[in-house]
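Below are the chains, spelled out letter by letter.
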Amino acid sequence: MDTSTTTTQFQSGLDACVRCGLCIPHCPTYQHFRNEAYSPRGRIALMQTLNTHEQPAHDVVTALDSCLHCLSCEAMCPAHVPYGTLIQQARTMMPQSRWQRILTSMTTSRIAIVLLPTFLRLYRLFGLRIVLQRCQFFSSDMLRRIDGAIPQSTGQPKVKRNHIAIKKTATPLQIFAGCSAPFDNNTVRSAHHVLTACGYRTQTYPHRCCGAAQHTPPPTALQDTVTDTVVLATGCLAHLHTKHKGQQSHFFDPLAIVAAHIHELTLTPRKRHVAMWVACSQRYPLDSSNTMLAVLNALPGLSVTVIRADTTCCGGGGQYFLRYGDVADHNAHKVADAIADDIDTVVCANIGCTLHLRSFFAQHTRQITIIHPLSLIADYLAANHNQSVPT
C-alpha cells in the first residue's frame, strides 16, 4: 500500500470521530490524568496535527505514547472509529525514545531473545541490577519493576512427553510464546503437557516477537504461516488476528482447543479458590473470556471468582508498566482492591498483565501468584500422568 493511500485512510479514520465523548469514561489513562489530551477523543484531535509533516511537539508525543492500547474505547464507539489502527499508525509517525529503540532491537532480534534467559540468570546470580543502575542505563523505578517481573526460574522449559494416544495429524500444533518465553517458561511447558494430553502433537515455534510489544506488523515468516499455531498470550493473539482481519488465520487460542477436550481428560480433584483476571485483549477484540471461565469451571474442586475491578485494564500494556509506572500502578491498585484477602492465586492468560501484576504485588509485599490457565490445568493433570508441573 502506497503512502498516499495510507495517509488517506488515516485521515478518513480520524474524520469518523463525531466527538461525542462516550469513550472518555472508559479510558484508563483519562481516569488517571483527568486531562482531555489523554482520552481517545483528545488523542484523535492530536493525531490530526501529525498530518502536517512537522516534528510533533513533546506533549503530543507523550499523550499519544501513553495510550495503553486497551481498546475499551473502540469496543463501545457508536461511530466505529478504528482507534487501534489509528494509534498504531500515529506511533509510526513519531520519533522513538532511547528506551523504545532498545526494546525494538531486543524483541526483533532472534539472537537477543535466545540469549535473554542466560542474561536473566546472570542478572539474578551476580547482581547486575547494581551495574545497570550505576551506568544509569535504566531508572531505579524501572529496575524495581524488572526485579519483580522476573520469575524465579528463567531457564529454557524442559518438555516431557506423555505416553498417550496422539491424534494422527499431518503436522503438529506449533506453540508460539513469542519474546516473552524467558519470562513465562512454565506456561510453555504446561502448554505442551496439556495439549499433548488432549491428543495433539506439539512443537515449539522459534522464539521471536509477533510485533505486539511495539505495535508493528508481525515478521513475514510468522504472518505467512500456514501451520496451525496456538498463541499463549492473548495480547499476541489479538495482534495477529487484527493483522489477518478478513483472511483465514492459522492462529488459535489454546483454551478454545482445551475446552473441546476438557471433559475427556482425567483430572485430580483439588479444592482451591482462585481469582480470574480478564485481559483487555480477551474483552476486545477476542471476546474469549467466557471460554477461559468455562475451562476453569470444569476443573474439579476449583472455585473461580472473576475480578470485578473499577478499571478495564490492569495497566500492564506489554512493556508499558516499565515506562509509565504511575499510570500502571494506578490501575493495578484497582485490581488489587478487588481481590479478596483469602485469595493467593490469580489466573491470567496474557503475559503483559502477568509481568505487571507480578511486579506490582512483589513491590507491595502481597503474596499473590500469577499463573496462566494452562499451568493450572497442568497441575490438575500432573498426578494422573506421574509428572509434576510447577505453577
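Turning our attention to the pattern of salt bridges. All chains considered together, the criterion is met by 5 salt bridges. Between Arg-270 and Asp-379 there is a salt bridge, with its nearest N and O atoms 3.8 Å apart. With a gap of 109 residues between them, Arg-270 in the loop between α14 (254-259) and β5 (272-277) and Asp-379 in helix α20 (residues 373-382) connect regions that are remote in the sequence. For Arg-270, a relative accessible area of 27% puts it in the partly exposed group. A salt bridge links Arg-272 to Asp-379; the shortest N-O distance between them is 3.4 Å. Residue Arg-272 is located in strand β5, and its partner Asp-379 is located in helix α20; the two are separated by 107 residues in the primary sequence. When its relative accessible area of 15% is taken as the criterion, Asp-379 is described as buried. When salt bridges that share partners are traced, they join Arg-270, Arg-272 and Asp-379 into one network.

Before going further, it helps to spend a moment on the sheet that holds strand β7 (residues 345-348). Strands sit in the order β6-β5-β7-β8 across an open sheet of 4 strands; the sheet is parallel. Bordering the open sheet on either side are β6 (302-306) and β8 (369-371), each of which pairs with just one other strand. Neighbour-to-neighbour, the strand axes of this sheet turn through a mean angle of 30°, independent of strand direction. Pairing analysis gives 3 bridges linking β7 to β8, with the strands arranged parallel. Among the inter-strand pairings, Val-346 is bridged to a residue of β8, identified as Ile-370. Sitting on the sheet, helix α19 (residues 351-363) touches β5, β7 and β8, and the angle it makes with β8 is about 175°.

The subject of this paragraph is the nonpolar core. Among the nonpolar cores identified, the biggest contains 38 residues, and Val-258, Leu-296, Leu-299 and Ile-377 are the most heavily contacted of them. Every element with two or more residues in this core is listed here: β1 (173-176), α11 (185-197), α14, β5, α16 (289-297), β6 and α20. Top element by residues in this core is α20. It accounts for 6 residues. Among all residues touching Val-258, those that are not within four sequence positions of it are Val-194, Leu-195, Cys-198, Val-295, Leu-374 and Ile-377.

With that out of the way, let us pick up the state of the cysteines. Per the counting criterion, the structure on display carries 0 disulfides. Of all cysteine sulfurs in the structure, the one in Cys-23 sits closest to Cys-17, which takes part in no disulfide; the separation is 6.5 Å. Here Cys-73 stays free of any disulfide, with the sulfur of Cys-23 as its closest cysteine sulfur at 6.0 Å.

We now examine the confidence of the model for the protein chain. In regions of low pLDDT, the predicted coordinates are not meant to be interpreted in detail. Confidence in the prediction of the protein chain, expressed as mean pLDDT, is 83, and 79% of residues score 70 or more. Taken as a whole, residues 154-166 scores under 50 in pLDDT and shows 34 contacts with residues more than four places along the chain or in a different chain. Segment residues 386-391 is flagged for pLDDT under 50; beyond a separation of four residues in sequence, or across chains, it makes 20 contacts in the model.

Glancing now at the packing of helix α10 (residues 140-149) against α19. It is at 7 Å that the axes of α10 and α19 come closest, and there the two elements cross at 105°. Put simply, α10 runs roughly perpendicular to α19. Residues Arg-144, Arg-145, Gly-148 and Ala-149 of α10 form the contact with α19, whose participating residues are Leu-355, Arg-358, Ser-359, Ala-362 and Gln-363. A breakdown of the residues in the contact of α10 with α19 according to their chemical character gives 3 nonpolar, 3 polar and 3 charged.

Between Tyr-284 and Pro-285 the backbone carries a cis peptide bond, its omega angle lying at 15°. With respect to the element layout, Pro-285 can be found in the loop between α15 (280-283) and α16. Here His-69, not a glycine, exhibits a phi torsion of approximately 60°, which is positive. Here His-69 lies in the loop between α4 (58-65) and α5 (72-76). Unusually for a residue other than glycine, Asp-287 sits at a positive phi of about 55°. Take Asp-287: it is sitting in the loop between α15 and α16.

The next point concerns the packing of aromatic side chains. A full pass over the atoms with the stated rule returns 4 aromatic pairs. Between the aromatic rings of Phe-360 and Phe-361, the centroid separation amounts to 5.6 Å while the plane-to-plane angle is 75°, which identifies the pairing as edge-to-face. Phe-360 sits in the buried class, given a relative accessible area of 3%. In this structure, Arg-283 is placed above the aromatic ring of Trp-277, and the distance from its NZ or CZ to the ring centre is 5.3 Å.

Rules behind the numbers
- Residues numbered from 1 in each chain as written.
- Predicted model: local features only at pLDDT ≥ 70, side-chain atom pairs only at ≥ 80, totals over all residues.
- Heavy atoms only, no water.
- Salt bridge = Lys/Arg side-chain N within 4 Å of Asp/Glu carboxyl O.
- Helix = DSSP H or I, 4+ residues; strand = E, 2+ residues; numbered from the N terminus.
- Buried < 20%, exposed > 50% of the residue type's maximum accessible area, 1.4 Å probe, protein only.
- Pairing = 2+ DSSP bridges.
- Axes fitted to C-alpha atoms, helices over the stretch in contact; angles between N-to-C directions.
- Contact = heavy atoms within 4.5 Å.
- Core = buried A, V, L, I, M, F, W, Y, C linked by side-chain atoms within 4.5 Å.
- Disulfide = S-S within 2.5 Å.
- pLDDT = per-residue confidence, 0-100.
- Parallel < 35°, antiparallel > 145°, perpendicular 65-115°, else oblique.
- Nonpolar A, V, L, I, M, F, W, Y, C, P; charged D, E, K, R; others polar.
- Phe/Tyr/Trp six-rings, centres within 6.5 Å; stacked < 30°, edge-to-face > 60°.
- Lys NZ or Arg CZ within 6 Å of the ring centre and 35° of its normal.

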